[in-house]
Amino acid sequence: ARIHEWFPGIDESVVDGDVRVVTTGAGLPIPEQIVTNDQVQRRFQYRITGPMVREHLSTLDVLDLGDGTSVAVYAADADPPVMALVIAGAAGNALEHVRQQLEGARS
């Protein structure tokens, strides 16, 4: 529910059970179904269920590198395929934003 705090371009997020609706800065609501939220595996998967895609699944894995650091791996699959590039590109920018926030917090 706190995605709007670290994902530029998302102004609001509301979660009700396994349904999340994120609202963009342009006011566009994007409904999503949370498929996996596994804190042990550090995996989060969701599907966009709105009309912008026929099919979609994104996966975010956070891997512990064992040296006090981790790496985030994001993958997206969508139909139409070009939407996977759009979604993953935005997520990549957001993860870079998170990295900058965390590094700034350690300074």
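Before any of the text, the structure's been laid out above.
Counting restarts for each chain, with residues numbered from 1 along the sequence as it is written. Only residues with pLDDT of at least 70 are given local features in this predicted model, and only at 80 or more are side-chain atom pairs given and counted; all residues enter the totals for whole chains, interfaces and linings. For the side-chain quantities, the full set of heavy atoms in the structure was used; hydrogens and water were omitted.

(A) Molecular detail of the side chain of Ser13. Put simply, DSSP H or I for four residues or longer makes a helix, DSSP E for two residues or longer makes a strand, and each gets a number counted from the N terminus. Tracing the backbone shows Ser13 in strand β1 (residues 10–16). If near-sequence neighbours (up to four positions away) are discounted, Ser13 is found in contact with Ala1, Ile3, His4, Arg20, Val21 and Val22. The contact rule is simple, with two residues in contact once any of their heavy atoms fall within 4.5 Å.

(B) Structural view of the environment of Gly92. Tracing the backbone through its elements, the reader meets Gly92 in helix α1 (residues 81–106). Judged by its relative accessible area of 36%, Gly92 falls in the partly exposed class. In this structure the C-alpha to C-alpha distance between Gly92 and Ala105, which are 13 residues apart in sequence, comes to 20 Å. The rule is simple: take the accessible area with a 1.4 Å probe, protein chains only, and divide by the maximum for that residue type; under 20% is buried, over 50% is exposed, in between is partly exposed.

(C) A look at the pairing of strand β6 (residues 70–79). What makes two strands pair is DSSP finding at least two bridges between them. Relative to β6, strand β5 (residues 55–64) runs antiparallel, the two being bridged by 10 bridges. What sits directly across from Asp64, in β6, is Ser70. Count of turn residues in the β5/β6 antiparallel hairpin: five residues, of which Gly66 carries a positive phi of about 80°.

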